[in-house]
Amino acid sequence: MSKVAINGYGTIGKRVADAVALQPDMELVGVAKTRPNHEAETAVAKGYPLYAAIEERLPLFEEAGIEVAGTVEELVESADIVVDCCPSGIGADNKALYEAYDTPALYQGGESADLVDVSFNARGNFEQAEGADHVRVVSCNTTGLSRLLAPLQEEYGVKKARVTLVRRGGDPGQTSRGPINDILPNPVTLPSHHGPDVNTIFPDLAIDTLGMKVPATLMHTHSVNVQLEEVPTEEEVKALLAEESRLFLIPPEYDIDGAGKLKEFAMDRDRPRADIWENCIWEESISMEDDDLYLFQAIHQESDVIPENVDAIRAVLGTADREASIETTNEAIGVGF
Ligand code: NAD
């Protein structure tokens, strides 16, 4: 059993913790939080050992009546690997702590690619993370693009990908991002950081990305154009993408017209927190115009990176190869509609 610690128990951390707890080959040894709140209460209610991320704040947990198992240093020392799920930039500050205890670490997409030995996407470059000490699981958008571009590149070759990312303004619980009412080119300059980020997974892939932000919280939506080397039919592209376990082709007869209905669908299917771990590609949108492929996909920002974190743990610890890890992860958390 691989002993896994989570440092930073917010949107991503709590989901990674739940996913790790479900894996047959992993033990969640604890989660670290900076302060007591409803998430700390829930961690304890779920039976997850809770550690204080900042020692001086231990009394706050005691005052709130929340039982604490120790400090983050003790947690890091007891683990085979730490998954850092702290806000952007804090992971970089934490790196010295993980190095001090010689504990390998995963970081999230908000950290700089320079911080780590390798950036990771299970479908794109699992093997490159094998045995690495510091690995960054790329952001929700880069994960969504990598999963889509990997099979297209392998099967047809990509001349150039051009993607406009219409991004949600904040997560549902991120009250600090709102209230808002605007449509922003963001950034207004090209490229957005997403294209270069995809190149941390596929260094030679030609890709231009434009970013926008809109006042929505549910999901991101990508308008995708990929110019292909070999020209398939639309049916061939649909068949290729349908084979990918983390791509969900939305059947036209489901009558799902946007993120709202996708989330409703996830709730109806009893997904935890209405999470959607898969890229959601509108099957009807898959179109070929000469050598240009077009499609729309929606990405659930809070959850698509969760199975990737689980796979990155196995890559770093060398406990499974890509295929076996993806299969185990998917099976354990229930990926696939
Ligand atoms: P979040 O704010 O929801 O959660 C971060 C948690 O870390 C909070 O509970 C915070 O209190 C805690 N924290 C802060 N400082 C800490 C410290 N020093 N030690 C331990 N815990 C600390 O943030 P999030 O949305 O989960 O994002 C975490 C990372 O994941 C970022 O790099 C982000 O870019 C990335 N990411 C976020 C999303 C998303 O949509 N939310 C998607 C993909 C990747």
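Residues numbered from 1 in each chain as written. Predicted model: local features only at pLDDT ≥ 70, side-chain atom pairs only at ≥ 80, totals over all residues. Heavy atoms only, no water.

1. Structural notes on the domain arrangement of the protein chain
For the record, the criterion: Domain ranges listed in this record stem from an automatic or a database domain assignment. Here, two residues are considered to be in contact whenever any of their heavy atoms come within 4.5 Å of each other. Two parts lose some accessible area (1.4 Å probe) when they are put together, and adding that loss for both gives the buried area. Any carboxyl oxygen of Asp or Glu within 4 Å of a side-chain nitrogen of Lys or Arg constitutes a salt bridge here. Only DSSP runs of H or I covering at least 4 residues are called helices, and only runs of E covering at least 2 are called strands; the numbering of each starts at the N terminus.
The domain boundaries assigned to the protein chain delineate domain 1 (2–138 + 305–333) and domain 2 (140–299). Relative placement of domain 1 and domain 2: their C-alpha centres are 26 Å apart. Every contact between the two is made by 24 residues of domain 1 and, on the other side, 19 residues of domain 2. In total, about 1,700 Å² of surface goes out of reach between domain 1 and domain 2, with carbon and sulfur atoms giving 46% of it. The largest per-residue losses of area from domain 1 upon contact with domain 2 belong to R15, R123 and V138, which jointly make up 33% of the total buried on that side. For the pair domain 1 and domain 2, the interface holds eight salt bridges. Here R147 ties to E308 by a salt bridge, and the two come within 2.7 Å at their closest N and O atoms. Counting residues per element, the ones that place at least two in the side of domain 1 that touches domain 2 are α1 (11–22), β7 (118–120), α6 (122–125), α11 (306–317) and α12 (322–333).

2. Details of the layout of surface pockets
This is how the line gets drawn: Residues are said to line a cavity or pocket when one of their atoms sits within 4 Å of a point; the points come from a 1 Å grid over protein atoms alone, cavities being sets where a 1.4 Å probe fits but cannot get out and pockets being open sets with protein on both sides within 12 Å along at least five of seven lines. Grid points are joined across faces, edges and corners, and a volume is the space filled by probe spheres set on the points. Polarity classes work like this: nonpolar for Ala, Val, Leu, Ile, Met, Phe, Trp, Tyr, Cys and Pro, charged for Asp, Glu, Lys and Arg, and polar for all others, with Gly in that last group.
Approximately 1,400 Å³ is the volume found for the largest pocket. Taken together, 50 residues form the lining of the largest pocket, with T11, I12, C86, P87 and Q174 sitting closest to its centre. For the lining of the largest pocket, the elements supplying multiple residues, two or more each, are α1, β2 (26–33), α2 (38–45), α5 (90–100), α7 (140–155) and β9 (158–168). Examining the composition of the lining of the largest pocket, we find that five residues originate from one element, α1, more than from any other. Among the residues making up the lining of the largest pocket, the classes are represented as 15 nonpolar, 23 polar and 12 charged. Both domain 1 (2–138 + 305–333) and domain 2 (140–299) contribute no fewer than three residues apiece to the lining of the largest pocket. Roughly 320 Å³ of internal volume is contained in the second largest pocket. Sorting the residues of the lining of the second largest pocket by element identifies α6 and α12 as the ones contributing at least two each. Tallying contributions element by element places α12 first for the lining of the second largest pocket, with five residues. Taken together, the residues of the lining of the second largest pocket sort by class into three nonpolar, two polar and nine charged.

3. Digging into the nonpolar core
This is how the line gets drawn: In this description, a nonpolar core means a group of buried Ala, Val, Leu, Ile, Met, Phe, Trp, Tyr and Cys residues linked to one another through side-chain atoms lying within 4.5 Å. Relative accessibility under 20% of the residue-type maximum defines a buried residue, over 50% an exposed one, and the middle range a partly exposed one, all with a 1.4 Å probe and only protein chains included.
Counting 43 residues, the largest nonpolar core has I6, V31 and F120 as its most contacted members. The biggest single contributor to this core is α11, with six residues. Excluding residues within four positions of it along the chain, V31 makes contact with I6, Y9, A17, A43, Y48, P49, L50, Y51 and L75. Residues L152, I207, V224 and I286 belong to the second largest nonpolar core, which totals 29 residues.

4. Concerning the packing of aromatic side chains
For clarity, the threshold we go by: The criterion for an aromatic pair is that two Phe, Tyr or Trp rings (for Trp, the six-membered ring) have centres within 6.5 Å, with stacked assigned to planes under 30 degrees apart, edge-to-face to planes over 60 apart and tilted to the rest. Charges are assigned to positions over rings by a cutoff of 6 Å between ring centre and Lys NZ or Arg CZ, combined with an angular limit of 35 degrees from the ring normal.
One pass over the full model with this rule turns up seven aromatic pairs. Linked through ring pairs, F248, Y254, F265 and F337 together constitute an aromatic cluster. A cation sits over an aromatic face here: R271 above F337, 4.0 Å from the ring centre.

5. Section: the pattern of salt bridges
For the structure shown, the criterion picks out 21 salt bridges. For the salt bridge of E39 with K14, the shortest nitrogen-to-oxygen distance reads 3.0 Å. On the criterion of sequence distance, the pair formed by E39 in helix α2 and K14 in helix α1 is long-range, its members being 25 residues apart. Using a relative accessible area of 16% as the deciding quantity, one classes K14 as buried. Of the charged contacts, one joins E302 and R15 as a salt bridge, the two residues approaching to 3.8 Å between their closest N and O atoms. One end of the pair, E302, is in the loop between β16 (292–299) and α11; the other, R15, is in helix α1, with 287 residues separating them in the sequence. In this structure R15 comes out as buried when scored by relative accessible area, which is 6%.

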